[in-house]
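So you can see what is in the structure, the chains are spelled out below.
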Amino acid sequence: MTIILIVISICLLIVCITYFKINAFLAFLIVSLFSGFCLGISPAKLVGTVEKGIAGVMGSLTLILVLGAMLGKIIAESGAAEIIAEKMVRLMGARHLQWGLMLTGFVVGIPLFYGIGFVLLVPLIFSISYRYKLPAVYIGLPMLAALSVTHGFIPPHPSPVALVALFHADMGLTLIYGLLIAIPAIVLGGPVFGRSLKNIRPIRESIFREKDRSNTAEYLRPTVGVSLTVALLPVLLIVLFTLLPYCYHISDETLGQALKFFGNPTVVMLIAIGVATYLLGLKLRRSMASVMTVYESAVKDVAMILLIIAGSGIFKQVMEDSGVSLLLANTLQQLPISPLLLAWLITAVIRGCVGSATVAALTAAGVLLPIVTAGKADPNLMVLAIGAGSLMFSHVNDAGFWLFKEYFGLSLKDTLYSWSVMEAIVSIVGLLALLLVQLILY
């Protein structure tokens, strides 16, 4: 009966979001309260469960997500992302445009949230399409594949950061593993699959409009080196501080503590913000007030994402306080299937139902948490298995699907063949690469 109630709760969540169009945070809150009552948590205790669930998940990731949004915003507003893109295209040449755009999407996608990266880089896709007389889908999909993969696999994006917090995984190791599995997923889902899309043509003119640059004309533009440095700084610092203890035996306790402090993701993001404020702000003749305005705008952009993650924390806490987590752990562990494959499958099904990759990942995490808590799976790999599953089954209930369709002016059939198939490829290849990493590690 308990398992049935959990299934009903997840189905109710899906119906609230897809059919009734209820905001995902409110849907999480309503379903969590309903589940708590049905699972026997007293009304007095249920309020405390809600508060504890929000505090538990938000305390460890709010700063990372907010600082990450600020960094992405200043990179976009300063023109650094466009400069990286232009340099990558020139570097790869006309014969390898797909590869150049793929690399651009990967580099720019690390600090930028998917929606921002999409809107920011689509102008480049169309300008190259017009210049070289090539179909926009053919040259653009590799870039969008890279953006999508970084969104699903690589911190500081919301979903992986939230999962790292929920599973108590190691941010540095998750990032390193994520980079490893991202490479084959992007290559196969991007340039390799993109070769089959040369014949896809728009059925109407794209709704694309050239970005308004009037408000940035007064500022200087950063150099390529500065742009790359700021964009990649968080990744480089996290990887550096994660690998140092493995490369060198550090006997000095003070030095070890210092490495842990500076390798903390929040501290890393704060360092990156400081560098970006100077190199992409003050040095380019922006006033401090102007830079802070950019950061304030970034916080507004990420507010709803934070609330949705908070809602998932409530659902997770209800599962724990009702004792369902222990029951789920015992039940799921008996299934003759790899925990990573199970995590991918559950997340993929939820993604197909709700449309949102972030909501799908966080919903699945609440169900799968007992497996990680019981020590039956590597938490770092479980984060990435859920991330891979969250990219599967993108179709008509996904906002990203319609964003791609309308910007590129495609028919529904061509959007399914290009966008949906690409998302399926990066999801499946990501899972296979992850299983290979698990085989090597264990």
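Presented here is a report on the structure given in the accompanying data block.

Criteria and thresholds
- Residues numbered from 1 in each chain as written.
- Predicted model: local features only at pLDDT ≥ 70, side-chain atom pairs only at ≥ 80, totals over all residues.
- Heavy atoms only, no water.
- Axes fitted to C-alpha atoms, helices over the stretch in contact; angles between N-to-C directions.
- Helix = DSSP H or I, 4+ residues; strand = E, 2+ residues; numbered from the N terminus.
- Parallel < 35°, antiparallel > 145°, perpendicular 65-115°, else oblique.
- Left-handed = near helix turned anticlockwise from the far one by under 90°.
- Contact = heavy atoms within 4.5 Å.
- Nonpolar A, V, L, I, M, F, W, Y, C, P; charged D, E, K, R; others polar.
- 1 Å grid on protein atoms, 1.4 Å probe; cavity = no way out; pocket = protein on both sides within 12 Å on 5 of 7 lines; lining within 4 Å.
- Points joined across faces, edges and corners; volume = space filled by probe spheres on them.
- Core = buried A, V, L, I, M, F, W, Y, C linked by side-chain atoms within 4.5 Å.
- Buried < 20%, exposed > 50% of the residue type's maximum accessible area, 1.4 Å probe, protein only.
- Expected span 1.5 Å × (residues − 1).
- Bend = angle between axes of the 7 residues up to and from the residue.
- Salt bridge = Lys/Arg side-chain N within 4 Å of Asp/Glu carboxyl O.

1. Overview of the packing of helix α4 (residues 62-77) against helix α13 (residues 265-279)
Here α4 crosses α13 at 25°, and the two axes come no closer than 9 Å. Looking at the two axes, α4 sits roughly parallel to α13. Two packed elements cross with a definite hand, and for α4 against α13 that hand is left-handed. In this structure, α4 uses Leu63, Ile64, Leu67, Gly68, Met70, Leu71 and Ile74 to contact α13, whose residues at the interface are Pro265, Thr266, Met269, Leu270, Ala272, Ile273 and Ala276. Residue composition of the contact of α4 with α13, by class: twelve nonpolar, two polar and no charged.

2. Let's talk about the layout of surface pockets
Quantified by volume, the largest pocket comes out at close to 910 Å³. Along its surface, the largest pocket is lined by 31 residues, and His151, Ser356, Thr358, Asp398 and Ala399 are the ones closest to its centre. Counting residues per element, the ones that place at least two in the lining of the largest pocket are α1 (2-18), α7 (114-132), α8 (136-153), α14 (288-321), α16 (339-354), α17 (357-373), α19 (399-408) and α20 (412-441). Take the lining of the largest pocket: its biggest share by element is five residues, from α14. For the lining of the largest pocket, the class distribution of residues is 16 nonpolar, ten polar and five charged.

3. So, the nonpolar core
Counting 157 residues, the largest nonpolar core has Leu61 and Phe408 as the members making the most contacts within it. Residues contacting leucine 61, with those up to four places away along its chain left out, are Val161, Ala162, Ala165, Leu306 and Ile309.

4. With respect to α8
Residues spaced three or four apart along an α-helix face the same direction, because each turn holds 3.6 residues. For α8, which comprises 18 residues, the first-to-last C-alpha distance of 26 Å matches the rise-based estimate of 26 Å (1.5 Å per residue) to within 8%. A maximum bend of about 25° is found in α8 at proline 142.

5. Some words on the pattern of salt bridges
A complete count under the given rule lists one salt bridge for this structure. The salt bridge involving arginine 351 is made with glutamate 423; its shortest N-O contact spans 3.9 Å. Taken together, the positions of arginine 351 in helix α16 and glutamate 423 in helix α20 put the pair 72 residues apart, joining distant regions of the chain. Comparing arginine 351 with glutamate 423, the two get one shared label, buried.

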